[in-house]
Every structure is written in C-alpha cells, then in structure tokens.
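# Descriptive structure summary
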Amino acid sequence: MKILIVTGRLAAGAVKEHTKGLQHEIDVIILPVTVAAFITPEYAAKELAKMELADYDMILLPGSVNGDVSPVEKATGIPTYKSTLHASDLPIVLSMDIEFSKTIPASLLVKDALVKQAENEVLDVEKNWKDILSSHGGMVIGGKLPVSNGLPMRVLAEIVNAPTLSMDAIRSRALYYTSQGADLIDIGMLASNPKPKAVPKIIDTIREAVDLPVSIDTLNVEEIKSSIDAGIDLILSLDAGNLDEIAPHINDEAVVILSTNMKEGYLPKKAEERVTLITKIIDDARSLGINNIIGDLVVEPLLIPGLLEGLKAYDLFHQKYPETLLLFGIGNAVELIDADSPGVIAALSALAREAGSNMLHIPEYSVKAKGSVRNALRASHMMFLSEKRGTVLKDLGIDLLLLKEKLWIEHEYSLEENTVDVLQGIGETVYRPDKTGWFNVHVNRNENKIVAVFYPAGSTEPSAVIKGHDARVVYQTIIREKLITKLDHAAYLGKELEKAAIALKLGRSYVQDEQLF
C-alpha cells in the first residue's frame, strides 16, 4: 500500500524517522504550517487538491487535526483518515490491521496495543538495568532494587505505625502493597514512642511474606541500630541530629539523608538553607564512610505550610548534584488534601521527577488515599515514558484517568418525541415482596467479586450465594436458577449489582440502597 502522510514543519523529522523501514511505501508531505494540529481539513484539502496524488492508496492527516477529514477525500478522491496523535505511535498503527477513522485519531483506535507497547517499554528498561546503571549511575538497594536516573521512579510503600499492628496485619499489608506494585516495603515507626525491640520481628515477618527490599522510617538511634542488626536494606533517615551516633554502625546499607536536625526540631524554611544543610550532612556522612546516599529535601503539605519551598530545594540541589539520588515523599501532600488522590499523585509525581527525584514515598494511610501505591506506580511509569519519548504527559498508552474520559462517545438524544407517547417516570409507593425471597448485595474485596446472598421468603438464613466479577454474570445466574420472579425486583437487583461493580472498580465503599456518589 502506498500511503501519503501529511504533517507540519515541527513534526516532520519525527514522522520521517518513525516511518523508516515499515512494510508500506510511505511518503511524507510537509504543509507550510509550524504545528500539525493547526492544519484544518479544509486547508489540507485546498493544498492537496493542487498536487498529483493519483498513485496513493490512502492519505493520513495528523491525529490532532480538529473535525472530520472528509473534505480532503472529497478534494483528492483518495481515502483519507486521521493518523496518530504522536509520531512515535505510527509504527504500531501502520503495522496493525485496523479500520481507520475520519474523526478519531488512529492511536485511540489501538489503545490496547498502545498500553502493551507502553508496558513493554518499561519492561525492556527494567531488564537492562545493569546497562542503565553503567550509563546513568545509581545504586542497587538490598541486592535486588536498582535505582537510577535512567529508570522509573521507585515506589516505597509505608506500613504506617507498624509497631501497633499484629504480625498478621503487617504480613497482610506487605502482601497488599506487593500486589499493588510497590518496589520496597517501608516500616513506619512511632515518632514519640520508640520500640527498638519490635523491629527484628517486623522485618522478619515482612521478609517471610514478600521478596522485596525493606526499609525503616525512623530517626531514633536505637531503632536504626536494631534494624541494622536485623539486616535492613534502607534507612529512613539520617540527619544532622543522629548522623554521628549512627555512622559507626552503617555497613553497606543505603541511607536517606534529610535536610533537618530533628533532635533540635530544626527544618530550614528557605530552599537555599535546606540545600546548604543537606550538602554539609552528606559531606560529613561520606567522610564517615557512608556511600549509598539518597537525599530528601522534605516535602510539606500543600499551601499550609506549603510545598513550593521544598520543591525549590529539590530543584536547586539536583542542579548542583545531579548524580545524587533523591527521594520525594508525596504522602503529606496526598493525605492532607480532600481531593481525589489519583490526580494529586500524578501532578506531584511529575513535579518530583522534574525536580530530579528517583523514589516516591507513599503511605496509603487514609480511606480517601486507598489505591495510592498503585497510582504512584502508574504515575512513575507515565513520567518515565514521557521523558523517554520526549512528549507531554498525555497519549502515553497508560494514564490515571479513572472517572474522566478523553473521548466523548455518547450519542446525542435526538428523537422526535411528537411521534411517540412520552411518559414521565413515576415511582411505586407500595412494596410487594417477591415470592421467592430477597437478596443482600455485597462486595468481596479479597476476591475482587460482587456477591449476592439469597434469603428464601420467610427465612432469616441464606440458602445461596452468587458471586462473580461483573454484574451480568451474577444476575444471569440468579435468573437461570429461578431465584427471582418479579420484574421490578429484577430491575432493582440489576441496579444494585451494577452499583457494587462500580464501587469495586473505583475502590469506593458500597452500601445497599444508598447512593454511590
């Protein structure tokens, strides 16, 4: 097939590069427009109509062009469609057997394939981590977790207030974080109630449950010493107040160094002061034989007291010492704002990476922050792909859009109502029970399933439990088993089962007969 790809001046080089060696015969024509998105179908039609294009089988306009590209096809007589949003997507789109659209960018038509492509790009760099460390520098934590400027940011998931939890609860939390994609399990200790004797058992419990590096989050000297004796992989944290006492006990453990002296309750207010302090602490640590160092300039809650000064400190430090790895704690900002966490995490992760960070620390403590570890991992991969491809943080193949959507596919209601009977909906006021029985609907988070518990009429004990991953399989089983006879009961049950399915997918709590939002 002979294909003509139309683009603008800025994208021309990338389009030509990404279409080399493809199975189709491809020509690229550059219209006298700087940005491809500024091309209109009418303008392209006018320009292309002047050219001899009879040999081409198909014309592709940029996916970012607004509107329907049919005017080009009408002007040239050649089938014309929308191409991809980004040149980097052209090889996968042109190698697939897809039905192109005149209104929808081709990259959206192959979303699943683009997701796979994004995942493979991350997997490929993870497989080649040794080469990345050789070229970009970095370190390996606990003998198994490479951290580098050339790799996605690593996600540290904190078990908050670990000493107050049972070993079963700690084990369960570690398994949960691992299932969510965490790179490292962090033991959160109690700031005002040191428990050094509890540390070894907590570490052993986590190691028995999961095969991930383990860190401890404390400034207490005795707790840190206890963790070193128990084989901790990463220490959070050292600062000006505990460095001298801890340094003699450090072997090859990685350490996070704070720009603080918490023994004196001191956190510099100004970015420049934080950079000066942490630089001195790091220099002192190196002179004491500590080499595996990660910096933490301290991220405070948004607005009050404010994130900006900490962000400036990260940026200043990274500009001066780009080879030093950095940890960025997004927990304070995520937990201390009443806003949906996925968007907050995406924005903070972008700022973290822009300021040079290599690790994200997240506690996932409050109910509203549920899913934060998974979201942080997804955000980390988004940042990596954006940097690798040199594109903005959109159309990467993966995203953090949970409730919003990029493509409006709803069909506008346009029925001529004067040709049909129009009935206003009126609810029933009298309840008439189903002769077969009734249902309690639940969500089983452990199995990730919707559950309908059936109680026969007149009984307080259930006789059946119907479970499934979506509402359809549950209600179809109920109908097939003849557990429901009334139409209104079936409609009600379908509504509740779908509510439960949405709650399960979004991580919201489900209560039967109550609104989900």
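Keep in mind the model is a prediction, meaning the values are calculated, not measured. (Residues numbered from 1 in each chain as written. Predicted model: local features only at pLDDT ≥ 70, side-chain atom pairs only at ≥ 80, totals over all residues. Heavy atoms only, no water.)

## Some thoughts on the packing of aromatic side chains
The test is simple: The pairing test for Phe, Tyr and Trp rings, Trp by its six-membered ring, is centres within 6.5 Å, and the orientation test on the planes gives stacked under 30 degrees, edge-to-face over 60, and tilted for anything in between. In this description a helix means any DSSP run of H or I spanning at least four residues, a strand means any run of E spanning at least two, and both kinds are numbered starting from the N terminus. Note on criteria: charge over ring means Lys NZ or Arg CZ within 6 Å of the ring centre, with the direction from the centre no more than 35 degrees off the ring normal.
A full pass over the atoms with the stated rule returns six aromatic pairs. Taking 4.3 Å as the distance between ring centres and 10° as the angle between the ring planes, the aromatic pair formed by W438 and Y455 counts as stacked. Taken together, the residues span a long stretch of sequence, with W438 in strand β15 (residues 437–444) and Y455 in strand β16 (residues 449–456) at a distance of 17 residues. We note K2 situated over the ring of Y56; from NZ or CZ to the ring centre the distance is 4.8 Å.

## Observations concerning a nonpolar patch on the surface
Spelled out, the test is: Residues enter patches when their relative accessible area tops 30% and they take part in no salt bridge; the joining distance is 9 Å for like charges and 5 Å for the nonpolar side chains Val, Leu, Ile, Met, Phe, Trp and Tyr. Each accessible area is a Shrake-Rupley result for a 1.4 Å probe, and residues are judged covered by the shown protein chains and nothing else. Think of a salt bridge as a Lys or Arg side-chain nitrogen and an Asp or Glu carboxyl oxygen that are within 4 Å of each other.
Side chains of L402, L403, I502 and F517 sit close together on the surface and give an oily, nonpolar patch of about 430 Å² of accessible area. When you line up the elements, L402 lands in the loop between α16 (372–389) and β15.

## Description of helix α8 (residues 167–179)
Helical periodicity: at 3.6 residues per turn, an α-helix aligns residues three or four positions apart in one direction. Keep this limit in mind: Working rule for helices: expected span equals 1.5 Å times residues minus one. Buried residues are those whose accessible area, probed at 1.4 Å on protein chains only, stays under 20% of the maximum for their type, while exposed residues exceed 50% and partly exposed ones sit between those limits. Arc, as used here, means the arc of the directions from the helix axis to the C-beta atoms. Whether two residues are in contact is decided by their heavy atoms, any of which lying within 4.5 Å being enough.
Taking 1.5 Å of rise per residue, the 13 residues of α8 would be expected to cover 18 Å, and the 18 Å separating its terminal C-alpha atoms lies within 8% of that figure. Turning to α8, its buried residues are I170, A174, Y176 and Y177. Viewed end-on, α8 has its buried residues packed into an arc of 160°, placing them on one side of the element. The exposed set on the far side of α8, more than 90 degrees from its buried face, consists of D168 and S179. Lining the buried residues of α8 we find β7 (154–159), β8 (184–188), α9 (199–209) and α16. Following α8 by one or two positions, G181 has its phi on the positive side, about 100°.

## Description of the pattern of salt bridges
Evaluated as defined, the whole model comprises 22 salt bridges. Notably, a salt bridge pairs K50 with E47, separated by 3.4 Å at the nearest N-O pair. Residue K50 is classed as exposed on the basis of its relative accessible area, which comes to 60%. In this structure, K263 engages E245 in a salt bridge whose closest nitrogen and oxygen atoms are separated by 3.2 Å. On the criterion of sequence distance, the pair formed by K263 in the loop between β11 (254–258) and α12 (271–287) and E245 in helix α11 (residues 243–246) is long-range, its members being 18 residues apart. K263 sits in the exposed class, given a relative accessible area of 60%. Salt bridges linked by common partners bring E121, K388 and R389 together as one network.

## Remarks on the nonpolar core
Put simply, the rule reads: Nonpolar core, defined: a set of buried Ala, Val, Leu, Ile, Met, Phe, Trp, Tyr and Cys residues in which side-chain atoms within 4.5 Å join the residues together.
Membership of the largest hydrophobic core comes to 81 residues, with the highest contact counts inside it found for I187, I206, L238, I257, I290 and I330. Per-element accounting of this core gives the leading share, eight residues, to α16. Beyond its immediate sequence surroundings of up to four residues, I330 is in contact with I345, L348, S349, L360, H361, I362 and A376.

## Observations concerning the packing of α8 against α9
The following threshold applies: Only the stretch in contact is used when fitting a helix axis, every axis being a line fitted to C-alpha atoms; angles between N-to-C directions are given from 0 to 180 degrees. Every angle not falling under 35 degrees, over 145, or within 65 to 115 is termed oblique; those three ranges are roughly parallel, roughly antiparallel and roughly perpendicular. Helix crossings fall into two classes, left-handed where the near helix is turned counterclockwise from the far one by less than a right angle and right-handed where it is turned clockwise. Polar here means any residue other than Ala, Val, Leu, Ile, Met, Phe, Trp, Tyr, Cys and Pro, which are nonpolar, and Asp, Glu, Lys and Arg, which are charged; Gly is therefore polar.
Contact geometry for α8 and α9: axes closest at 9 Å, N-to-C directions at 45°. Regarding the angle of α8 to α9, the classification is oblique. Along this stretch, α8 crosses α9, giving a crossing that reads as right-handed. Residues M167, I170, R171, A174 and L175 of α8 pack against K201, I202, T205, I206 and A209 of α9. For the contact of α8 with α9, the class distribution of residues is seven nonpolar, one polar and two charged.

## A short note on the sheet that holds β15
Test applied: When DSSP locates at least two bridges between a pair of strands, those strands are taken to pair.
If you walk across this open sheet you meet the three strands as β15-β16-β17, and the pairing is antiparallel. The open sheet has two edge strands with one neighbour each: β15 and β17 (464–468). The sheet shows a mean angle of 20° between the axes of neighbouring strands, taken without regard to direction. One ladder, built from five bridges, connects β16 with β17; its direction is antiparallel. Note on β17: the bridge partner recorded for V453 is V465. Strands in contact with helix α17 (residues 471–480) are β15, β16 and β17; relative to β17, the strand with the most contacts, it is inclined by about 150°. Helix α18 (residues 487–506) contacts β15 and β16 of the sheet and is inclined by roughly 10° relative to β15.

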